[in-house]
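Topology and contacts: notes
Here are the chains, one letter per residue:
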Amino acid sequence: MVSSGTLHVVSTELTVGSFAMAGAAFLFAGLASHHLLGLQRHVNLFDNVAHFALAFGLLAMPMAIATGIASSPGDGIDHPLLINKMFLSCASLGLALGVLNVRYRQGPSIWAEKWGKRWQMLGGMAASGLILTTASLGGTFSRGESLLDILHLPYDFVPLMPLWLSGLVLLVGIANIVTGRQASA
C-alpha cells in the first residue's frame, strides 16, 4: 500500500508543476499580446498552454490537499503553517477559477483587448504565485527550510496574507470578472 505521504509528494509535484508552467505561460502570453520580445505570433500557443496547465493544476489540487492533511502529524490542520497553506491555496483556487471562467466566456480574444490581456496575465500569474508560496510553506513545514526563507515571511501567525495583499487579490479577481462580463455583453 502507498502511504499518504508518498501520494502527497506526487500530487503536490503535479499541482506545483502545472501552476509553475501556467505562470510562465501567462507571463509569455502577456508579453506576446503586448508585442514584446517578438513573441506576438505565439500568443495562441501561450494562451492554450497557460489555461490548460492552470486547469490541470486545479484538477490535481484536491488530491494534494487531501493527502497533505492525511500525512500531516497531529489532528489535521492544527499548525499555523498549515492554516496559511489552506488560505493561500483557496485564494489561488478562486483566482484560477476566475481566470478560466473569463477565458471560457471570451475565448482567445481576451488577449486582443487592452485591459483583458493585462488582467488575464496578472490573474493567472497571481494564482500561480500563490500556489508556489503554498508549496514553499510546505517545505518549511516538512524540512524546516524553503526558497522563500530569504523573504523572512511571518509564518508563525495566521493569516500569512496581509490585508493589503488580500485587497490586491480581491481587486484582480473583480477586474477579471468585470472584464469577462463586458466581453460577453
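These remarks concern the structure in this document. Treat the numbers as computed from the prediction; the structure is a model and nothing was measured. (Residues numbered from 1 in each chain as written. Predicted model: local features only at pLDDT ≥ 70, side-chain atom pairs only at ≥ 80, totals over all residues. Heavy atoms only, no water.)

What follows concerns the overall build of the protein chain. Each helix and strand in the protein chain was counted, giving 5 helices and 0 strands. In the protein chain, which comprises 185 residues, the share counted as buried stands at 42%. Pairs at least 24 apart in sequence give 77% of the contacts found in the protein chain among residues at least 6 apart. When the accessible surface of the protein chain is totalled, it reaches about 10,100 Å², and 71% of it is carbon and sulfur. (Helix = DSSP H or I, 4+ residues; strand = E, 2+ residues; numbered from the N terminus. Buried < 20%, exposed > 50% of the residue type's maximum accessible area, 1.4 Å probe, protein only. Contact = heavy atoms within 4.5 Å. Areas by Shrake-Rupley, 256 points an atom, 1.4 Å probe, with all protein chains shown as cover.)

This brings us to the packing of aromatic side chains. Overall, the coordinates contain 2 aromatic pairs when judged by the stated rule. Relative to W111, the ring of F26 has its centre 6.5 Å away and its plane inclined at 40°; by these criteria the two rings are tilted. Of this pair, F26 sits in helix α1 (residues 4–33) while W111 sits in the loop between α3 (80–106) and α4 (114–143), and the two are 85 residues apart along the sequence. The class of F26 is buried, set by a relative accessible area of 0%. Across from the ring centre of W115, 5.4 Å away, lies the NZ or CZ of R118, which sits over that ring. (Phe/Tyr/Trp six-rings, centres within 6.5 Å; stacked < 30°, edge-to-face > 60°. Lys NZ or Arg CZ within 6 Å of the ring centre and 35° of its normal.)

Here we take up the environment of G57. With respect to the secondary-structure elements, G57 resides in helix α2 (residues 43–71). For the pair G57 and S18, spaced 39 residues apart in sequence, the C-alpha to C-alpha distance is 4.9 Å. With near-sequence residues (within four places) excluded, G57 lies in contact with T15, S18 and F19.

So, about the pattern of salt bridges. Should their charged atoms come close, side chains of opposite charge can pair. In total, this model carries 1 salt bridge according to the counting rule given. The closest approach of N and O atoms between R103 and D47, which form a salt bridge, is 2.7 Å. With R103 in helix α3 and D47 in helix α2, this pair connects stretches of sequence that are 56 residues apart. The buried category is assigned to R103, whose relative accessible area is 17%. For D47, a relative accessible area of 1% gives the class buried. (Salt bridge = Lys/Arg side-chain N within 4 Å of Asp/Glu carboxyl O.)

What follows is about the nonpolar core. In terms of nonpolar packing, the biggest core is built from 32 residues, with F19, F26, L54 and W111 touching the most fellow members. Where this core is concerned, the elements lending two or more residues are α1, α2, α3, α4 and α5 (163–184). Not counting residues within four places of it along the chain, the set of residues in contact with W111 comprises F26, A29, G30, S33, V43, D47, H51, K117, Q120 and M121. (Core = buried A, V, L, I, M, F, W, Y, C linked by side-chain atoms within 4.5 Å.)

Together, V10, L14, F52 and F56 make up an exposed nonpolar region whose accessible area comes to about 400 Å². Going through the elements one at a time, α1 and α2 are the ones with two or more residues in the nonpolar patch. If you trace the backbone, F56 turns up in helix α2. The partly exposed category is assigned to F56, whose relative accessible area is 36%. (Patch = residues over 30% accessible without salt bridge, like charges linked within 9 Å, V, L, I, M, F, W, Y side chains within 5 Å.)

Moving on, we get to unusual backbone geometry. Trans peptide bonds make up the majority, and among non-glycine residues the majority have a negative phi. Even without being a glycine, H35 presents a positive backbone phi close to 60°. Tracing the sequence through the fold places H35 in the loop between α1 and α2.

Below, the discussion takes up the side chain of T134. Relative to the elements of secondary structure, T134 occurs in helix α4. T134 gets classed as buried once you look at its relative accessible area, which sits at 9%. A polar contact is formed between the side chain of T134 and the backbone oxygen of L130, at a distance of 2.8 Å. Setting aside chain neighbours within four positions, we find T134 in contact with K85, L88 and S89. (Polar contact = N/O pair within 3.5 Å; in protein donor to acceptor, adjacent residues only side chain to side chain.)

None of the figures reported here should be taken as evidence of function without further support.
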